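# Survey of secondary and tertiary structure
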Amino acid sequence: MTTTDAAETRTDPASGRRAGVAVELRDLNRRFGEVRALDGFSLDLAPGELVTLLGPSGCGKTTALRALAGLEAVDSGTVVVGGRDLRGVPVRQRDMGMVFQSYSLFPNLTARDNVAFGLRVRGQDKAARRRRADELLELVELGGRGDRYPHQLSGGQQQRVALARALAPEPQVLLLDEPLSALDAKVRVALREQIRAVQTRLGTTTLFVTHDQEEALSISDRVGVMRDGRLEQIASPAELYARPATPFVAEFVGTMNHLPGTTTADGVEVLGRRLPVTTGRPAGAEVDVLLRPEALLVTPDPHGTGVVVATTFLGAVTRVHVRVGDTQRSGARPGGDGTTVLVDRPSAAVAGLGPGAGVTVEPAPDAQPLVA
Amino acid sequence: MKQREVPAWVGVVPFAAYTVVFLGVPVVAVVLGSFVDPATGAFTLDNFGIATSGVYLRGFGSSIGLSLVTALVPGVLGLVLALAVRASPSLRLKRAVATASGVFANFGGVPLAFLFVATLGSTGLVVELVKAVGVDLYGAGFSLYSFWGVAIVYGYFQIPLMVLVITPALEGLRPNWREAADNLGATPVQYWRHVGLPVLAPAVLGCMLLLFGSAFSAYATTSALTSGSLALTPIQIGSFLNGNVLSGQENVGRALGVGMIVVVGVLMALYALLQRRVSRWLQ
């Protein structure tokens, strides 16, 4: 029998079975007093897909994940996994693996016994569950540390054990509730790549929750941005960044400049340049134009309307902070003072620019603005 | 000018002095006295011979038995109550139970004895009420002044004491553990068997040791309740303090005291061994 490469990558090497199933969350509603944690929330996950819910604190992303796990009751709505309606199905019968934000390893069990816990409660014999636990510890690169107790492991190692534990019973769905947020930056980057590698290899349908946009964009097939209990937009990371559907998404994903502009018959005029865009407003209206820092150009000009106030070296790219003329009502958010524009250019191109230099800032000809 | 700092150990001096004067010195006096013949002032082991035979041996047996029973049963009941209260979302209930436990755990002596005599004594309110419906407690062999009667009375302060001392340990049980176990397919019984109880075991053992000590040293309640009819070591020591003692046996009371110290010492050694076993994961 032959299999395609794609099928091989989606097959659990330990069990030989395809793990991914489709997940449908349909019109979920959940209120906590006056707060609507979920407000008609719907989401579909394709088999084997890794979808991330991204959003600010309190937007409902963790509630959505916990509703899927069965840890949070919903007021209305349906959860269907692999064609099975999970209404009324208790948590322990939902066949899902979960990694929690804070360390949730059982402190009285070794790493191996933690990983084997799900198999133990299913009555699997000791030799088989030990074998499976050791395989998974190898998978998360913790082979040889199976006899250690959680307090003898670092934070990153504990979360890797938690990942192995969640995967051990071969769950239909993997749920990751901000599993990296308690770790330091370097470990976070390494572990997120490992999570993605393991998930891709096993092909387990995965819902990941985070408030860290870099994390979301770097490992997801699709990212859903949430606000006030609803999905604002769900798309691939590239599309989400390049074509945010709403100003909220634009601001939440990546850095965005807010610039004053005026609508024209076929678009908008901003920083002296006309850009084609559908505004839905009559010509001549004053609007906020949202542009990414890389969608702007900065050129040295002693008589220009802008003055460089700072530069931030980011490696291949340098971010230039330009204070534009007092007559302009422009600025960058968040954290700006209302008169500073951020421009990202290749470091070599702006090497000569330093604080105090006069410059002109304008949109690149192919810039794709968003009008608020 | 630089001020001279007071060494940290100075803060310990009052407590250390208090402990030496009111614990160290009496213990030494009791231990030394237990080896002395009061008539001749000579060294003797006779006091221990008397203290470990007859009514005094039965006293140790009853005291240890009563203390074990009233450490284990109220310990388990207190643990269950504390877990139930912790699981409740009602802050009002948590506060009410904490306050009530604080009061009941410190309610003892003559008032507690009177409370039980009035309710479960031979003509007590509850006894008369159940007799009216055809149940004769005393006729069936129950007596408030017996071993099991006293055990019930001890439960009055032992259960709330367990609630008070185990509650902080329960806060250490992370909700995440329960959710993770649920998520991995464990039933509530499997969670408690494999995670909850093993995690709590060191604290539960410690609390039960405290309950044992509380019951083993209890004097006033039993004394008021039984008037010395139940042979318990603290009551017997009390009789020596009261001067109600045969001439030449004054130091038997001291030997009984040493015996109590030995019992608690042995129990603490057993506790340390058991503690090490159940808390391997903490080492």
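Residues numbered from 1 in each chain as written. Chains lettered and ligands numbered in written order. Predicted model: local features only at pLDDT ≥ 70, side-chain atom pairs only at ≥ 80, totals over all residues.

What follows concerns the nonpolar core. What tends to happen in soluble globular proteins is that the nonpolar side chains get buried as a cluster. Of all hydrophobic cores here, the largest spans 143 residues; its most connected members are A:Leu68, A:Ala164 and A:Leu175. The two domains that each donate at least three residues to this core are domain 1 (5-95 + 171-247) and domain 2 (255-371) of chain A. If sequence neighbours within four positions are ignored, A:Ala164 has contacts with A:Val115, A:Leu136, A:Leu137, A:Leu139 and A:Val140. Membership of the second largest hydrophobic core comes to 8 residues, among which are B:Ala51, B:Tyr56, B:Phe60 and B:Val252. (Core = buried A, V, L, I, M, F, W, Y, C linked by C-beta atoms within 7 Å. Buried ≥ 20, exposed ≤ 12 C-beta atoms within 10 Å, placed from the backbone. Domains from an automatic or database assignment. Contact = placed C-beta atoms within 7 Å.)

Another point: the interface of chain A and chain B. Contact residues are listed per partner, giving 18 residues for chain A and 16 residues for chain B. Put simply, the parts of the chain that give the side of chain A that touches chain B at least two residues each are strand S6 (96-99) and helix H3 (111-120) of chain A. Across the side of chain A that touches chain B, the residue classes break down as 12 nonpolar, 4 polar and 2 charged. (Helix = DSSP H or I, 4+ residues; strand = E, 2+ residues; numbered from the N terminus. Nonpolar A, V, L, I, M, F, W, Y, C, P; charged D, E, K, R; others polar.)

Now for the packing of helix H1 (residues 13-34) of chain B against helix H12 (residues 250-278) of chain B. Residues and elements named next belong to chain B. Remark: H1 packs on H12, axes separated minimally by 8 Å, with the N-to-C direction vectors making an angle of 120°. On the basis of the axis angle, H1 is oblique to H12. In terms of crossing hand, the pair formed by H1 and H12 is left-handed. Contact with H1, carried on its side by Val30, Val31, Gly33 and Ser34, involves Asn251, Arg254, Ala255, Gly257 and Val258 of H12 and no other residues of that element. A class-by-class count of the residues in the contact of H1 with H12 yields 4 nonpolar, 4 polar and 1 charged. (Axes fitted to C-alpha atoms, helices over the stretch in contact; angles between N-to-C directions. Parallel < 35°, antiparallel > 145°, perpendicular 65-115°, else oblique. Left-handed = near helix turned anticlockwise from the far one by under 90°.)

The next point concerns the confidence of the model for chain B. In this model, chain B carries an average pLDDT of 90, and 97% of its residues clear a pLDDT of 70 or more. This complex was scored by the predictor with a pTM of 0.78 and an ipTM of 0.79. (pLDDT = per-residue confidence, 0-100.)

With that settled, consider the environment of B:Val36. Residue and element names in this part refer to chain B. Position of Val36 among the secondary structure elements: in the loop between H1 and helix H2 (46-51). For the pair formed by Val36 and Ala87, sequence separation is 51 residues and the distance between their alpha carbons is 56 Å. Residues in contact with Val36, not counting those within four places in the same chain, are Gly41, Phe43, Thr44 and Asn251.

The next point concerns the confidence of the model for chain A. All names here are of chain A. Across chain A, the average pLDDT comes to 87, with 91% of residues at 70 or higher. Every residue in residues 1-10 is under pLDDT 50, and counting partners more than four places away or in other chains gives 8 contacts. In the model, residues 326-338 has pLDDT below 50 throughout and makes 21 contacts with residues more than four positions away in sequence or in other chains.

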